[in-house]
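Residues per chain, in single letters:
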Amino acid sequence: MPHITLLAYPGCSASGITGIIDALAMANLWHQVGGQKKKKPLFSWDIVSRDGKPLTGRNRIAIIPHGPIHGIDQTDILVLPAFQPPFDFLGEVPEEIQAWIRHWHARQALIATICTGTFFLAETGLLDGRTATTNWSFARFFKKRFPKVNLKPEQILTEDHGLVCSGASTAYLDLCLYLIETFGSHALADRCAKSMLAERHRSGQSPYVVFDYQKDHGDRKIMEAQAFMEDHFTETISLEELASALGISSRHFKRRFKQATGDTPLGYLQQIRIEAAKARLETTREAVNQITWQVGYEDSNSFRRLFKKHTGLSPRSYRERFTRTGGSRPS
């Protein structure tokens, strides 16, 4: 019977901890149903805190652990909780807890994170040189703080050398289904997914990402360029002419833009157009060809390829998933 240890930490989101327990309890239920002989539960679990004492999670939710971290003699999976900003634990995670996490990793326990729990795990250094994901909203911040981690924010779930990370909020269900399939079976994971109305093998976090326009860099010239692109994205824009108008060489403009925003000028312009297209797909029933022209492109096939590259979905699939209008929807 795989044992799961869920770490409770001051200020953490209690929903991830309780949500995982509910999902695994569902797995136990369906695992035990249907056999002539009563099966034992598939999973067992304990919630632990540093000292075993009750603590307060996010939004004043009380969490009562089953015991202290050092009260666990054997476990197969260690789950680290999610947090909401501000991430007060950064730089403050007690060495006792970090050493405890590294200890179980060395003993071949699976270390899993929920959402921004990836930040917590990264504090231990275990993710250096490893692939991970986290809540896409904080990917830019994560990359700046932990540059040695190979962050893949477009992915909902990653696994690298026994370190499993999940994406934003409800991705804890993807983590649960991963554990159910790993320690149970594919059929059991399918059954649980249907019971919870959870989609298996989702395409990733890309469809949910809202573009960050990165205006906090302080470079006035680049902010002027950003404003121009945002106001004129429906038109044909020459980035060379834009650089010249700003009094910057084309080569220097591209380098300076990348340094300030994290994107190339062309990539930034594409993101603006993709966001505009997403808004029209969500709120109108206009044909994709018409939306293509409205956001500054002439070739709808090229636009469809670019849209899928950025969102992981075709324009039609995106509309079907996120539309906010009723009635039939054109392709």
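Residues numbered from 1 in each chain as written. Predicted model: local features only at pLDDT ≥ 70, side-chain atom pairs only at ≥ 80, totals over all residues. Heavy atoms only, no water.

On a plain count of helices and strands, the protein comes out with 13 helices and eleven strands. The C-alpha extent of the protein, read off along each of the three principal axes, is 70 × 50 × 35 Å. For the protein, the share of sequence-separated contacts (at least 6 apart) that also reach a separation of at least 24 residues comes to 63%. Accessible surface computed for the protein: about 16500 Å², of which carbon and sulfur atoms make up 50%. (Helix = DSSP H or I, 4+ residues; strand = E, 2+ residues; numbered from the N terminus. Contact = heavy atoms within 4.5 Å. Areas by Shrake-Rupley, 256 points an atom, 1.4 Å probe, with all protein chains shown as cover.)

A word on the pairing of strand E10 (residues 157–160). Residue alternation in E10 divides its side chains into a buried set, Thr 158 and Asp 160, and an unburied set, Leu 157 and Glu 159. Relative to strand E11 (residues 163–166), E10 is paired through four bridges, and the arrangement is antiparallel. By the bridge assignment, Glu 159 is partnered in E11 with Val 164. Turn length for the E10-E11 hairpin, with the two strands adjacent in sequence and antiparallel, is two residues, and the turn residue His 161 shows positive phi of about 50°. (Buried < 20%, exposed > 50% of the residue type's maximum accessible area, 1.4 Å probe, protein only. Pairing = 2+ DSSP bridges.)

Moving on, we get to the sheet that holds strand E1 (residues 3–7). If you walk across this open sheet you meet the seven strands as E5-E2-E1-E6-E7-E11-E10, and the pairing is mixed. In the strand order of this sheet, the two ends are held by strand E5 (67–68) and E10, each with one partner. Strands in contact with helix H1 (residues 14–32) are E1, strand E2 (44–49) and strand E6 (77–80); relative to E2, the strand with the most contacts, it is inclined by about 165°. Here helix H2 (residues 95–106) sits on the sheet in contact with E1, E2, E6, strand E7 (110–113) and E11, set at roughly 145° to E6. (Axes fitted to C-alpha atoms, helices over the stretch in contact; angles between N-to-C directions.)

Here we come to the environment of Phe 87. Along the chain, Phe 87 falls in the loop between E6 and H2. For Phe 87, a relative accessible area of 9% puts it in the buried group. Once the C-alpha coordinates of Phe 87 and Phe 120 are considered, the two residues, 33 residues apart in sequence, prove to be 9.2 Å apart. Setting aside its immediate chain neighbours within four residues, Phe 87 contacts Thr 116, Phe 119, Phe 138 and Phe 141.

With that settled, consider the nonpolar core. Ile 20, Phe 89, Ile 101, Phe 120 and Ile 180 are the most contacted members of the largest nonpolar core, which totals 68 residues. When near neighbours in sequence (up to four residues on either side) are disregarded, Phe 120 contacts Leu 7, Tyr 9, Leu 80, Phe 83, Phe 89, Val 93, Ile 97 and Ile 101. By size, the runner-up hydrophobic cluster in this structure holds 31 residues, among which are Leu 239, Ala 260, Leu 306 and Leu 313. (Core = buried A, V, L, I, M, F, W, Y, C linked by side-chain atoms within 4.5 Å.)

Looking now at H1. Look at H1: 27 Å from first C-alpha to last across 19 residues, which is about the 27 Å you get at 1.5 Å a residue. Structurally, H1 contributes buried residues whose contacts are with E1, E2, strand E4 (62–63), E6, helix H5 (172–183) and helix H6 (186–195). (Expected span 1.5 Å × (residues − 1).)

In the structure shown here, the tally under the stated rule is 24 aromatic pairs. The interplanar angle of 45° and the centroid separation of 4.3 Å between the aromatic rings of Phe 83 and Phe 89 together place this pair among those described as tilted. Measuring from centroid to centroid gives 5.4 Å for Phe 257 and Tyr 268, while their planes differ by 75°, and the two rings are edge-to-face. Placement of the pair is Phe 257 in helix H9 (residues 250–261) and Tyr 268 in helix H10 (residues 265–283), with a sequence separation of eleven residues. Comparing Phe 257 with Tyr 268, the two get one shared label, buried. Taken together through their ring pairs, the aromatic side chains of Tyr 9, Phe 83, Phe 87, Phe 89, Phe 119, Phe 120, Phe 138, Phe 141, Phe 142 and Phe 146 make up a single cluster. (Phe/Tyr/Trp six-rings, centres within 6.5 Å; stacked < 30°, edge-to-face > 60°.)

Among the secondary structure elements, Thr 113 is positioned in strand E7. Ignoring any residue separated from it by four or fewer positions in sequence, one finds Thr 113 in contact with Leu 80, Thr 118, Leu 121, Val 164, Cys 165, Ser 166 and Leu 175.

Applying the stated criterion across every chain, the model contains 14 salt bridges. With a shortest N-O distance of 3.6 Å, Arg 140 and Asp 212 are connected by a salt bridge. In this pair, Arg 140 is assigned in helix H4 (residues 139–145) and Asp 212 in the loop between H6 and helix H7 (220–232), connecting sequence segments 72 residues apart. Under the relative-accessibility criterion, Arg 140 is labelled partly exposed at 34%. By relative accessible area, Asp 212 is classed as partly exposed at 42%. (Salt bridge = Lys/Arg side-chain N within 4 Å of Asp/Glu carboxyl O.)

What follows concerns the pairing of E11. Of the two faces of E11, the one holding Leu 163 and Cys 165 and the one holding Val 164 and Ser 166 are both buried throughout. Pairing between E7 and E11: three bridges, direction parallel. Within E11, the residue paired with Ala 112 across the bridge is Val 164.

For the rest of this paragraph, the subject is the state of the cysteines. Summed over all chains, the structure comprises zero disulfides. Left without a disulfide partner, Cys 12 is nearest to the cysteine sulfur of Cys 115, which lies 12 Å away. The thiol of Cys 115 is unpaired, and the distance to the nearest cysteine sulfur, on Cys 165, comes to 11 Å. (Disulfide = S-S within 2.5 Å.)

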